[in-house]
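Chain by chain, the residues:
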Amino acid sequence: MVEVVVNGCMIRIQANGIGARFVIRLNLNDIMIKRVSILIRKVMKTIKIFSCLVLASLFTSVNAQLRVLSDGRVQAGQNVPSLDQGKVATLLVLGSNDKIGTGAIIALGDFGPKSKNTFWGEYGNTDSDQLWFQGKLGYYLTYGEQASSVVSYYDPAKNSNFVFNTNLRVNGVNITSDARMKDNIQPIENPIDILSRVDGVSYTYRLSEVQKYRKSEENAFPETSGTMANEVNDALTEKELRDEQIKKEIERREEEEANRRRIGFMAQDIQKVLPELVQTDEKGVMSIDYIGFIPLIVESLKQMQQTIQDQQKEIETLQSLLPAETKSMFRSTSNEEVSVVEGAKLYNRAGASVSYTLPATYNTADLKIFDISGKLLKKVVLTGNNSVVEINPSEIGLGTFVYTLFVDNKKADALKKFVN
């Protein structure tokens, strides 16, 4: 503690660490009232001089923990200029212990052994060169003038998802699927039936709705009254004009992205069929686990393959019971039953339809459709070198059929089809 008397005015200075408290006592009985203003100026000058001495002692001391260098850069921790030889870092934070390159942390708010609530830096007692971000109850990534538009966030108090309000581009995605982490494992029953009740759609996004749900909760990031315009002069600076142009470009790209046509499902529809693949967040926004459709598709393909194999065995059994003249009408594994007609070919299509190609020159061509017993159900005269033959299933029924292509009265190709 230091006491100074200036013209009858006592100044008491109490310093503790880097803080200082000034106590001023005036004795008006010893001075003239008209000299009060002069006295106050002298007192303030004394305070300024003392403050400068205190600050100078703090920032020039060799062992000081916070230094403002001559070029304006700031260092916190021990004084090791060699760690930033290029003088690049505006603020250099070093470790607080003997290992200056270890455990440099910037804490925000309370911080201690049991309450490392919010900080960023290198966590631990080893020189890991790993950056840690700690938010005890989650964290938000925002952008924009008011920092109220949320790009992504993790808030475990609301849901268990890391939410991204933007597209993601990655080189690969691995989903944790270790059997040791799973319980209540059951096979998928009737996968084809499940998928038959799901309707795929094409769509675009409604940008106004997307932007609405991108905003953070009210009062989470209070809006300020300031704008990009200069408060003194309404004219925008060069940087502000550039920022405005970038903002317009961002808005244009967002609108373009929203209008891009996509293919997917409607969450409300999927919830009726596969509620386990749909989640609803705290704002009521529904999302779909598209990865969950992969096992359904795999099991459906396996079931279809088994059905095809069973039907093929049935076909072979039925064909073995047919007379020889009827068997000759079906495609065989031998090429002897099908004449080689260059350029003549049948191709399978959806439903009961087929397409074909014919040689450049020919006299006659027709398509004949037989049932599994060899009965002729339909004959179509073909014209042109390639086209599609649209067949309504109601014309021939459902089941297994043989489509045979004849060119100039030669059996040029045959195709087995299962119509359901």
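Residues numbered from 1 in each chain as written. Predicted model: local features only at pLDDT ≥ 70, side-chain atom pairs only at ≥ 80, totals over all residues. Heavy atoms only, no water.

Now for the overall build of the protein chain. When helices and strands are tallied, the protein chain shows eight helices and 23 strands. By the burial criterion, 25% of the 420 residues in the protein chain qualify as buried. In the protein chain, 45% of the contacts between residues at least 6 apart in sequence involve partners at least 24 apart. By element, 54% of the accessible surface of the protein chain is carried by carbon and sulfur atoms, the whole surface being about 29,800 Å². (Helix = DSSP H or I, 4+ residues; strand = E, 2+ residues; numbered from the N terminus. Buried < 20%, exposed > 50% of the residue type's maximum accessible area, 1.4 Å probe, protein only. Contact = heavy atoms within 4.5 Å. Areas by Shrake-Rupley, 256 points an atom, 1.4 Å probe, with all protein chains shown as cover.)

Here we come to the pairing of strand 17 (residues 345-348). Here strand 17 pairs with strand 18 (residues 354-357) via four bridges, running antiparallel. Residue Lys-345 lies in a different strand from strand 18, and its bridge partner there is Thr-357. Connecting strand 17 to the next strand, strand 18, in antiparallel fashion are five residues, including Gly-351 with a positive phi near 70 degrees. (Pairing = 2+ DSSP bridges.)

Right, let's get into the confidence of the model for the protein chain. Summary statistics for the protein chain give a mean pLDDT of 80 and a share of 75% for residues scoring 70 or more. Mean pLDDT across the elements of the protein chain bottoms out in strand 3 (residues 19-25) (51) and peaks in helix 5 (residues 267-273) (96). Per-residue pLDDT stays below 50 along residues 58-62; that stretch engages in seven contacts with residues further than four places along the chain or on separate chains. (pLDDT = per-residue confidence, 0-100.)

A few words on a nonpolar patch on the surface. Together, Tyr-139, Phe-162, Phe-164, Leu-168, Val-170, Val-173, Ile-175, Ile-291, Ile-294 and Val-298 make up a nonpolar patch on the protein surface, roughly 960 Å² of accessible area in all. Elements supplying a minimum of two residues to the nonpolar patch: strand 12 (162-164) and helix 6 (293-320). If you trace the backbone, Phe-162 turns up in strand 12. Residue classification places Phe-162 among the partly exposed positions, given a relative accessible area of 39%. (Patch = residues over 30% accessible without salt bridge, like charges linked within 9 Å, V, L, I, M, F, W, Y side chains within 5 Å. Salt bridge = Lys/Arg side-chain N within 4 Å of Asp/Glu carboxyl O.)

Moving on to the packing of aromatic side chains. Here the structure, examined in full by the defined rule, presents 11 aromatic pairs. Aromatic side chains Phe-162 and Phe-164 sit 4.9 Å apart centroid to centroid with 10 degrees between the ring planes, which places their arrangement in the stacked category. Using a relative accessible area of 37% as the deciding quantity, one classes Phe-164 as partly exposed. Ring plane angle 25 degrees and centroid distance 5.7 Å describe the contact between Phe-265 and Tyr-290, whose orientation is recorded as stacked. Of the two residues, Phe-265 is situated in the loop between strand 14 (262-264) and helix 5 and Tyr-290 in the loop between strand 16 (286-288) and helix 6; the sequence distance between them amounts to 25 residues. A relative accessible area of 21% means that Phe-265 is categorised as partly exposed. Feature note: the residues Tyr-139, Tyr-154, Phe-162 and Phe-164 constitute an aromatic cluster, connected by ring pairs. The cationic tip of Lys-368 hangs over the ring face of Phe-406; the distance from NZ or CZ to the ring centre is 4.8 Å. (Phe/Tyr/Trp six-rings, centres within 6.5 Å; stacked < 30°, edge-to-face > 60°. Lys NZ or Arg CZ within 6 Å of the ring centre and 35° of its normal.)

So, on to the nonpolar core. Counting 22 residues, the largest nonpolar core has Leu-346, Leu-367, Leu-382, Val-389, Tyr-403, Leu-405 and Val-407 as its most contacted members. Elements that contribute at least two residues to this core include exactly strand 18, strand 19 (365-371), strand 22 (399-407) and strand 23 (410-419). Take this core: its biggest share by element is four residues, from strand 22. In terms of nonpolar packing, the next biggest core, distinct from the first, is built from 11 residues, Ile-194, Val-198, Leu-277 and Leu-296 among them. (Core = buried A, V, L, I, M, F, W, Y, C linked by side-chain atoms within 4.5 Å.)

Spatially, 7-8-9 is the arrangement adopted by the three strands of the open sheet, whose pairing is antiparallel. The sheet terminates laterally at strand 7 (105-107) and strand 9 (132-135), the two strands that pair on one side only. Geometrically, the sheet is characterised by an average inter-axis angle of 10 degrees between neighbouring strands, direction not taken into account. One ladder, built from three bridges, connects strand 7 with strand 8 (residues 118-121); its direction is antiparallel. When the sheet's bridge partners are listed, Ala-107 is paired in strand 8 with Phe-119. (Axes fitted to C-alpha atoms, helices over the stretch in contact; angles between N-to-C directions.)

With that settled, the discussion passes to the pattern of salt bridges. In the structure shown here, the tally under the stated rule is 16 salt bridges. With a shortest N-O distance of 3.6 Å, Asp-155 and Lys-158 are connected by a salt bridge. Classification of Lys-158 as partly exposed rests on a relative accessible area of 31%. Across the salt bridge formed by Lys-378 and Glu-395, the nearest N and O atoms sit 2.8 Å from each other. Here the residue Lys-378 occupies a position in strand 20 (residues 376-381), and Glu-395 occupies one in helix 8 (residues 393-396), the gap between them amounting to 17 residues. Taking the relative accessible area as the measure of exposure, Glu-395 reaches 39% and is therefore partly exposed. Connected via shared salt-bridge partners are Glu-249, Arg-252, Arg-253 and Glu-256.

Take the sheet that holds strand 6 (residues 91-93) next. Strands sit in the order 4-5-6 across an open sheet of three strands; the sheet is mixed. Every other strand in the sheet has two partners, leaving strand 4 (66-68) and strand 6 as the edge strands with one partner each. If you compare each strand with its neighbour and ignore which way they point, the axes differ by 10 degrees on average.

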